[in-house]
Amino acid sequence: MKLSSLAHKLHGAFAEPGCPVCRLTADSVHHYLGSLIYEYVNKVPTHMAIRAARGFCTNHAWHALEQITPSHLGIAILYEGLVRNMLKDMGEITPNSGRRQVNQAAKALKSQAECPACTHRATVEDQLLRNLLEHIDQPEFAEAYEQSAGVCLHHLRMGLDQSGYNAEKAQLVALQQTIWGKLQHHLAEYIRLSDERYAEEDMGEPGTSPRRAIEQMAGKKNLW
Ligand SMILES: [Zn+2]
Ligand SMILES: [Zn+2]
């Protein structure tokens, strides 16, 4: 099996629960936020990106604060610059300021760029999906994919939106249908066994199917 480094990572993630693209994207975004806060916090492009985006989006802002430790000094440095510049761009408003001045202040609040972590996430998702499609014709890779949870609904749609890869898309969808067929069977078994008053832990594989259904349809919790 000849794999690119990203395909190799995907292959490794097939053995883990949930969507492999969600899993690897979440890891990559976490490292990106960590390196931004430690290594790039004093770099001009980082400050420009944060200012243009008017801060991280809500999810990535809380991720940076709560899951990158210790992040507080880095956040203080980035957000001091952001708030200072935003105040400057708004212009000073007094209770007597006219509509034009208030409109100018309102305009200054708008973001001119996407959250940099969201941009990073989109790039990583795109690269992973291309690598998934580019390797799906390798039997060993495809077989491991078939045994995995498959990509979530969102990432399957994104994969099918890539231009080209027509034969590879057909292969991916065929494998995905096998995976979902298994899931549907497990869910039907779950319902049947619940009727017979089985406890989840005594159901075997179908016992985990409600959780897997959510993971496989909705993707990883808190990824966005
Ligand atoms: Zn996913
Ligand atoms: Zn974001």
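Below you will find a few notes about this structure. Just so you know, these numbers come straight off a predicted model, no measurement behind them.

### Let's talk about the overall build of the chain
Now for step 1: The helix and strand tally for the chain stands at 11 helices and 0 strands.
Now for step 2: Reading the chain from its N terminus to its C terminus gives the helix and strand order α-α-α-α-α-α-α-α-α-α-α.
Now for step 3: Taking 17 Å as the expected radius of gyration for a compact globule of 224 residues, we find that the chain reaches 23 Å, considerably beyond that expectation.
Now for step 4: Along the three orthogonal principal directions, the C-alpha set of the chain runs to about 70 × 45 × 35 Å.
Now for step 5: Going through the 224 residues of the chain one by one, you find that 25% of them count as buried.

### Examining helix α5 (residues 72-90)
Now for step 1: With 19 residues, α5 extends 26 Å from end C-alpha to end C-alpha; this agrees with the ideal 27 Å at 1.5 Å per step.
Now for step 2: Of the residues trailing α5, G91 is marked for its positive phi of about 75°.

### Let's talk about unusual backbone geometry
Now for step 1: For the bond from T69 to P70, the omega torsion is -15°, close enough to zero to count as cis.
Now for step 2: Here P70 shows up in the loop between α4 (58-67) and α5.
Now for step 3: Even without a glycine there, the phi angle at R54 is positive, about 55°.
Now for step 4: Using a count of 18 C-beta atoms within 10 Å as the deciding quantity, one classes R54 as partly exposed.
Now for step 5: In this structure, Y165 is a non-glycine residue whose phi angle is positive, near 55°.
Now for step 6: Considering the arrangement of structural elements, one finds Y165 in the loop between α9 (153-160) and α10 (166-195).

### Thoughts on the environment of H47
Now for step 1: Residue position: H47 is located in helix α3 (residues 44-53).
Now for step 2: With 118 residues separating them along the chain, H47 and Y165 place their C-alpha atoms 38 Å apart.
Now for step 3: Those residues in contact with H47, other than ones at most four positions away along the chain, are L78 and G81.

### Some points on the packing of helix α1 (residues 5-13) against helix α7 (residues 116-135)
Now for step 1: Contact geometry of α1 with α7 gives a least axis separation of 9 Å together with a crossing angle of 85°. Put simply, α1 runs roughly perpendicular to α7. Touching L6, A7 and L10 of α1 are Q127, L128, N131, L132 and H135, all from α7.

Parameters at a glance
- Residues numbered from 1 in each chain as written.
- Chains lettered and ligands numbered in written order.
- Predicted model: local features only at pLDDT ≥ 70, side-chain atom pairs only at ≥ 80, totals over all residues.
- Helix = DSSP H or I, 4+ residues; strand = E, 2+ residues; numbered from the N terminus.
- Rg over C-alpha atoms; globule rule 2.2 N^0.38 Å.
- Buried ≥ 20, exposed ≤ 12 C-beta atoms within 10 Å, placed from the backbone.
- Expected span 1.5 Å × (residues − 1).
- Contact = placed C-beta atoms within 7 Å.
- Axes fitted to C-alpha atoms, helices over the stretch in contact; angles between N-to-C directions.
- Parallel < 35°, antiparallel > 145°, perpendicular 65-115°, else oblique.

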